[in-house]
Amino acid sequence: MSIEVKGVSKRFGDFVALDDINVSLPTGQLTALLGPSGGGKSTLLRIIAGLDSADEGSVVIEGNEATHLPPQKRNVGFVFQHYAVFKHMSVAKNVAFGLEIRKRPKPEIQKRVHELLELVHLSQFAHRLPSQLSGGQRQRMALARALAVEPTVLLLDEPFGALDAKVRKELRDWLRRLHDEVHVTTVFVTHDQEEALEVADEIVVINQGRVEQVGTPEELYDAPANDFVMGFLGDVTTLGGRLIRPHDIEVADRPVGPDSVEGTVSRLLRIGFEVRITVLTDAGEVVTVEMTRTHARRLGLAEGATVFLTAAAGATSVAGSVDAAAATDLAVASGG
Ligand SMILES: Nc1ncnc2c1ncn2[C@@H]1O[C@H](COP(=O)(O)OP(=O)(O)OP(=O)(O)O)[C@@H](O)[C@H]1O
């Protein structure tokens with residue numbers, strides 16, 4: 001295990017930002033710290049980096065007790081959203097910076113910078129100034145700079161947060177590929193569940209200063225520990241008082257079993273190749289269901305139609321209400 005966080009708590013005045021956090025972040029993996037705004041992700045990352053200290057608990061990095069070490073002795077590289085670049089230095093100089101202050105020999109620095117710029121696909125921009133790069137290119141430069149000193153651990157706080165959706169997506173694919181090439185233990189903070197599900201080997205869900213669940217993307221999606229995790233990782237609705245994913249509900253024009261719930265389609269919305277319907281059940285529950293257009297057409301669905309809803313075989317569901325999930329959606333929509 002590469003990073004061991006044990007019993008870490010952190011308060012700001014009366015406010016408990018982290019409450020007895022225990023996690024092991026495995027060597028060589030790409031781990032996401034995922035959660036809503038204010039949940040404590042950045043605080044945990046800063047404590048691992050040594051930029052902040054815990055009130056209680058310990059941090060061990062690659063077997064080294066790091067709790068009281070300053071950041072520069074932890075052998076971690078970090079990239080923050082608004083990373084301070086040296087504006088007057090070329091891209092190559094920015095990447096070389098950490099090696100130069102460590103007084104490495106010139107030829108070694110040149111070689112390493114060359115390799116790193118290749119790795120982040122910025123070789124042709126080596127002599128530009130950071131202001132002459134796009135946002136995505138600047139983030140790649142920041143990553144190259146963090147990797148220059150060969151950290152054992154790379155810590156990224158919302159590395160793509162300030163970029164537009166398309167560039168974010170490109171960078172996230174790129175980060176995944178980069179990680180597959182260099183295998184440096186990487187921890188990144190995100191409030192974007194899609195980003196975490198797509199990129200990470202393992203996800204730590206953090207909410208209100210506590211760890212809600214740790215697992216692979218599949219584990220979290222298929223077996224959420226509670227209603228919070230279920231709601232945070234994807235759309236949810238309720239059926240028979242249980243949280244369920246809208247695409248895990250089967251719709252039929254007649255009952256298909258004793259658990260079928262009768263209702264009336266109150267709204268039908270087409271979104272691309274999908275159809276989303278809202279059903280008001282006889283028990284007074286408002287249920288959202290998603291299905292393909294083909295399926296909706298086959299059923300002849302229309303507003304006012306009577307339908308029967310059943311949880312699909314193998315569907316994930318947990319006890320809970322949509323309230324927690326709605327709060328989550330708001331947090332995500334507001335940009336976390
Ligand atoms: N220096 C500080 N002084 C007081 N409160 C702080 C300080 N730093 C963080 N907090 C509070 O601690 C909580 C956790 O903050 P943190 O930045 O770790 O959350 P986060 O999960 O990273 O959220 P975000 O995605 O918005 O960055 C927040 O409520 C924040 O207001």
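The shown structure was predicted, so the numbers you read here are calculated from the model rather than taken from an experiment.

Rules and cut-offs
Residues numbered from 1 in each chain as written. Predicted model: local features only at pLDDT ≥ 70, side-chain atom pairs only at ≥ 80, totals over all residues. Axes fitted to C-alpha atoms, helices over the stretch in contact; angles between N-to-C directions. Helix = DSSP H or I, 4+ residues; strand = E, 2+ residues; numbered from the N terminus. Parallel < 35°, antiparallel > 145°, perpendicular 65-115°, else oblique. Left-handed = near helix turned anticlockwise from the far one by under 90°. Contact = placed C-beta atoms within 7 Å. Nonpolar A, V, L, I, M, F, W, Y, C, P; charged D, E, K, R; others polar. Domains from an automatic or database assignment.

## Comments concerning the packing of helix α3 (residues 106-119) against helix α4 (residues 135-148)
Across the interface, α3 lies against α4 with an axial gap of 9 Å and an inter-helix angle of 140 degrees. Considering their axes alone, α3 and α4 lie oblique with respect to each other. As α3 packs across α4, the resulting crossing turns out to be right-handed. Within the contact between the two elements, α3 uses Arg112, Leu116, Leu117 and Leu119 and α4 uses Ala144, Leu147 and Ala148. A breakdown of the residues in the contact of α3 with α4 according to their chemical character gives six nonpolar, no polar and one charged.

## So, the domain arrangement of the protein chain
For the protein chain, the assigned domains are domain 1 (3-223) and domain 2 (229-333). Each of domain 1 and domain 2 has a C-alpha centre, and these two points are 38 Å apart. Contact residues are listed per partner, giving twelve residues for domain 1 and eight residues for domain 2. Elements with a contribution of two residues or more to the side of domain 1 that touches domain 2: α6 (193-199), β10 (210-215) and α7 (217-222). For the side of domain 1 that touches domain 2, the element with the highest residue contribution is α7, accounting for three residues. Taken together, the residues that form the side of domain 1 that touches domain 2 break down as six nonpolar, four polar and two charged.

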